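Listed below are the residues making up each chain.
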Amino acid sequence: MGSRIFLLLFIIPLAETWFLIKVGGFIGAVPTIALVVLTAVVGTTVARRQGLTTIRRIQMAQVEGRLPAVEMVEGVMLLLAGVLLMTPGFFTDAIGFSMLFPKLRGRLAKRSIDSLATARPDLEQPVVIEGDYKRRR
């Protein structure tokens with residue numbers, strides 16, 4: 001697991017740099033920089049708006065008395081999308097923008113919750129620990 005993370009932290013910036021150089025050579029440095037800044041501004045603005053909507057959905061779920069698990073996972077995904085969109089590069093922007101589509105984000109959130117429940121079947125059943133206690137003064 002650690003080596004995979006290391007590879008991602010090494011390969012992704014390398015690929016981003018290579019691709020930025022290629023795009024810069026094709027359309028020029030100033031348009032490439034403008035495109036990177038534009039995707040960061042537009043992406044984070046959309047992520048912020050959707051994040052506020054997700055917060056309202058979390059609050060509504062709590063008012064309805066249900067666990068807002070999907071909404072909370074979507075909130076984390078939106079945070080990650082914002083970070084990816086602020087990172088200069090086109091690959092990270094593509095991943096970040098993909099997380100801004102509500103239907104796709106909802107499916108991914110449900111799938112991640114389902115995989116966690118499958119991996120840990122004991123999470124579905126509440127754990128009850130019975131016992132007596134005394135307060136000490």
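All of these numbers come straight from a predicted model, not from anything done at the bench. (Residues numbered from 1 in each chain as written. Predicted model: local features only at pLDDT ≥ 70, side-chain atom pairs only at ≥ 80, totals over all residues. Heavy atoms only, no water.)

Undergrad: Account for the overall build of the protein chain, with residues named and values stated.
TA: A count of helices and strands for the protein chain gives 5 helices and 0 strands. In the protein chain, the order of α-helices and β-strands from amino to carboxyl end is α-α-α-α-α. For 137 residues, the compact-globule estimate of 2.2 N^0.38 gives 14 Å, and the C-alpha radius of gyration of the protein chain, at 21 Å, exceeds that figure by more than 25%. Projected onto its principal axes, the C-alpha coordinates of the protein chain cover approximately 75 × 35 × 35 Å. Expressed as a percentage of the 137 residues in the protein chain, the buried residues total 24%. (Helix = DSSP H or I, 4+ residues; strand = E, 2+ residues; numbered from the N terminus. Rg over C-alpha atoms; globule rule 2.2 N^0.38 Å. Buried < 20%, exposed > 50% of the residue type's maximum accessible area, 1.4 Å probe, protein only.)

Undergrad: Could you give me a rundown of the nonpolar core, with the residues and numbers involved?
TA: Nonpolar side chains in soluble globular proteins generally cluster together in the buried interior. Listed in full, the 9 residues of the largest apolar core are Ala47, Met77, Leu78, Ala81, Leu84, Leu85, Met99, Leu100 and Ala109. In terms of residue count, helix H3 (residues 69-86) provides more of this core than any other element does, 5 residues in total. Filtering out sequence-adjacent residues up to four positions away, Met99 remains in contact with Met77, Leu78, Leu80, Ala81, Leu84 and Arg105. (Core = buried A, V, L, I, M, F, W, Y, C linked by side-chain atoms within 4.5 Å. Contact = heavy atoms within 4.5 Å.)

Undergrad: Describe the environment of Thr32, naming the residues involved and giving the relevant values.
TA: Its place among the elements puts Thr32 in helix H2 (residues 29-63). Judged by relative accessible area, Thr32 falls into the buried class, the value being 5%. A distance of 2.6 Å separates a polar atom in the side chain of Thr32 from the backbone oxygen of Gly28. (Polar contact = N/O pair within 3.5 Å; in protein donor to acceptor, adjacent residues only side chain to side chain.)

Undergrad: Let's hear about the packing of aromatic side chains: which residues, and what values?
TA: The final tally for this structure, using the stated rule, is 4 aromatic pairs. Judged by centre distance (5.7 Å) and plane angle (85 degrees), the ring pair of Phe19 and Phe90 falls under edge-to-face. Remark: Phe90 occurs in helix H4 (residues 90-98) and Phe19 occurs in helix H1 (residues 2-27); sequence separation between them is 71 residues. On the accessibility criterion, Phe19 (29% relative accessible area) is partly exposed. Between Phe19 and Phe91 the ring centres are 5.2 Å apart and the planes differ by 35 degrees, which places this aromatic pair in the tilted class. One end of the pair, Phe19, is in helix H1; the other, Phe91, is in helix H4, with 72 residues separating them in the sequence. Within the aromatic cluster, the residues linked to one another by ring pairs are Trp18, Phe19, Phe90 and Phe91. (Phe/Tyr/Trp six-rings, centres within 6.5 Å; stacked < 30°, edge-to-face > 60°.)

Undergrad: Outline H2, listing residues and values.
TA: The end-to-end C-alpha distance of H2, which contains 35 residues, comes to 51 Å, matching closely the 51 Å that a straight helix rising 1.5 Å per residue would cover. Inspection of H2 places Thr32, Val36, Thr39, Ala40, Gly43, Ala47, Gln50, Gly51, Thr54, Ile58 and Ala61 among the buried residues, and these make up the whole buried set. Note on H2: the residue one or two positions beyond its end, Gly65, has a positive phi of about 80 degrees. (Expected span 1.5 Å × (residues − 1).)

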